[in-house]
Amino acid sequence: MEKKRILLMRLLIVFLVASVGFSIYQGYKLRVYERELTRVVENHLQIFAANAGQVEDKRIYAEQFANLTAAQEAYIVLSEKSAYDEREWEESLPGLIIRLKQVMVNDEEKFREAFSETGVRRLMFDISDDFEDHESIRKVYELLN
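Residues numbered from 1 in each chain as written. Predicted model: local features only at pLDDT ≥ 70, side-chain atom pairs only at ≥ 80, totals over all residues. Heavy atoms only, no water.

A. Structural context of the packing of helix α1 (residues 2-51) against helix α2 (residues 58-78). Packing of α1 against α2 leaves a shortest axis separation of 8 Å and a crossing angle of 155°. If you check the angle between α1 and α2, you find them roughly antiparallel. Between α1 and α2 lies a crossing whose hand is left-handed. Where α1 abuts α2, its residues Y33, E34, L37, T38, V40, V41, H44, L45, I47, F48 and N51 lie against I60, Q64, N67, L68, A70, A71, A74, Y75, V77 and L78. (Axes fitted to C-alpha atoms, helices over the stretch in contact; angles between N-to-C directions. Helix = DSSP H or I, 4+ residues; strand = E, 2+ residues; numbered from the N terminus. Parallel < 35°, antiparallel > 145°, perpendicular 65-115°, else oblique. Left-handed = near helix turned anticlockwise from the far one by under 90°. Contact = heavy atoms within 4.5 Å.)

B. Structural view of the side chain of S136. Inspection of the secondary structure puts S136 in helix α7 (residues 134-144). Sequence-distant contacts of S136, defined by excluding residues within four places in its chain, comprise L123, D126 and I127.

C. View of the nonpolar core. Residues F48, L93, L96, L100, F111, F115 and M124 are the most contacted members of the largest nonpolar core, which totals 31 residues. Those elements that provide at least two residues to this core are α1, α2, α4 (93-106), α5 (108-114), α6 (118-129) and α7. (Core = buried A, V, L, I, M, F, W, Y, C linked by side-chain atoms within 4.5 Å. Buried < 20%, exposed > 50% of the residue type's maximum accessible area, 1.4 Å probe, protein only.)

D. Quick look at the pattern of salt bridges. What the rule picks out here adds up to 7 salt bridges. D126 is paired through a salt bridge with R122; the nearest N and O atoms lie 3.1 Å apart. With D126 and R122 both in helix α6 and 4 residues apart, this pair spans about one turn of that helix. For D126, a relative accessible area of 24% corresponds to the partly exposed category. A salt bridge links E135 to K139; the shortest N-O distance between them is 3.2 Å. Residue E135 and its partner K139 are located together in helix α7, separated by 4 residues, close to a single helical turn. On the accessibility criterion, E135 (43% relative accessible area) is partly exposed. (Salt bridge = Lys/Arg side-chain N within 4 Å of Asp/Glu carboxyl O.)

E. Fine view of the packing of aromatic side chains. Across all of its chains, the model carries 5 aromatic pairs by this definition. A centroid spacing of 5.6 Å and a plane angle of 90° characterise the contact between F48 and F115, whose relative ring orientation is edge-to-face. A residue pair is termed long-range when its members are at least 10 positions apart, and F48 in helix α1 and F115 in the loop between α5 and α6 qualify at 67 residues. Overall, the relative accessible area of 1% leaves F115 in the buried class. The interplanar angle of 85° and the centroid separation of 5.6 Å between the aromatic rings of Y75 and F131 together place this pair among those described as edge-to-face. Placement of the pair is Y75 in helix α2 and F131 in the loop between α6 and α7, with a sequence separation of 56 residues. A relative accessible area of 12% means that F131 is categorised as buried. Sitting above the plane of the Y61 ring, K58 keeps its charged end 5.5 Å from the centroid. (Phe/Tyr/Trp six-rings, centres within 6.5 Å; stacked < 30°, edge-to-face > 60°. Lys NZ or Arg CZ within 6 Å of the ring centre and 35° of its normal.)

Okay, structure coming up:
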């Protein structure tokens, strides 16, 4: 009877240690995944900002659109927020990306004008460093309207 009890306690301890180890490992994998998604969003926004406003070269223009799309998709997975009210939308990264894509598709001239100043590119770099930089997001959003 005593041997069964000791065996059961050892199995329980092994199970608990394995469970805790697995939980720690899963937490580590999630943190790595979040860092990678953050890096993807940052890189694509920076590449977009570096080339923003160029509409003459259609290949670069298409690459800008693709960079916005890649940043948007990675941010959607990374973001924990699922809904925005109207005021928040104009100060959020998803709202800005959708507005940028709309202007790129519908009004190349407005897109070129908005990014003709280097200050707007600087704002996009600032946004790539801090996705919650509501002031910079709002300024770029206003220039696109």
